[in-house]
Amino acid sequence: MYRIGQGYDLHRLEAGRPLILGGITIPHEKGCVAHSDGDALAHAITDALLGALCLGDIGALFPDTDPNYAGANSLDLLREAHALVTARGYAIVNLDTTIVAQRPKLRPYVDSIRQALAATLSLSVEQISVKAKTKEHVGPEGREEAISTQAIVLLLRESGGTQD
Ligand code: MG
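Residues numbered from 1 in each chain as written. Predicted model: local features only at pLDDT ≥ 70, side-chain atom pairs only at ≥ 80, totals over all residues. Heavy atoms only, no water.

Engineer: An account of helix 3 (residues 74-87) is requested, with residue identities and associated values reported.
Structural biologist: The terminal C-alpha atoms of helix 3, which comprises 14 residues, lie 20 Å apart, in line with the 20 Å expected from a rise of 1.5 Å per residue. Every buried residue of helix 3 is listed here: S74, L75, L77, L78, A81, H82, V85 and A87. Of the surrounding secondary structure, the elements contacted by the buried residues of helix 3 are helix 1 (40-52), strand 5 (90-100), helix 4 (110-121) and strand 7 (146-157). G89 occupies a position one or two residues after helix 3 and carries a positive phi of about 90°. (Helix = DSSP H or I, 4+ residues; strand = E, 2+ residues; numbered from the N terminus. Expected span 1.5 Å × (residues − 1). Buried < 20%, exposed > 50% of the residue type's maximum accessible area, 1.4 Å probe, protein only. Contact = heavy atoms within 4.5 Å.)

The structure is reproduced here in structure tokens:
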């Protein structure tokens, strides 16, 4: 009846790239290095959804060797993973996430990110938590070399679904 999934992602930061988290472009001098748009939060949530139903991972579904996914909008990939979940009769109960970044300050963007994720997943913002932490200036996130993300999702089976 219930399934739980977790996801994790980390992207290296490089100067001059856009910083996109949860579909929101955040003003910053550095952004995530990636084949897609580098939205590490969307990637962790995608992996949490896939993991909950043992459907593999984002790299298997959307290979970074596939030119179709060059510069891909990661919310589109998240929407596709969510469609696999709903096709199996499951709905998201709630989603809890953490972004680990020394800079920039993310709190001003948290509500916009929650709204963008809610729209992507057809949820209410009350079902989506986005937390931001620094790393006390240590480790790759603390030295501003990378941003990492974590997500955990609870699914509830609501119907038989259209696929196994
Ligand atoms: Mg990623």
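Now that the structure is up, let's keep going.
Engineer: With reference to specific residues and values, describe a nonpolar patch on the surface.
Structural biologist: On the surface, M1, Y2 and V93 cluster together to form a nonpolar patch covering roughly 340 Å² of accessible area. Position of Y2 among the secondary structure elements: in strand 1 (residues 2-15). (Patch = residues over 30% accessible without salt bridge, like charges linked within 9 Å, V, L, I, M, F, W, Y side chains within 5 Å. Areas by Shrake-Rupley, 256 points an atom, 1.4 Å probe, with all protein chains shown as cover. Salt bridge = Lys/Arg side-chain N within 4 Å of Asp/Glu carboxyl O.)

Engineer: Tell me about the pairing of strand 7, and name the residues and values.
Structural biologist: Sheet topology note: the strand 1/strand 7 ladder contains 11 bridges and is antiparallel. Within strand 7, the residue paired with Y2 across the bridge is L156. Two elements, strand 5 and strand 7, share 10 bridges in a ladder whose sense is antiparallel. Bridging from a neighbouring strand, N94 pairs with L154 of strand 7. (Pairing = 2+ DSSP bridges.)

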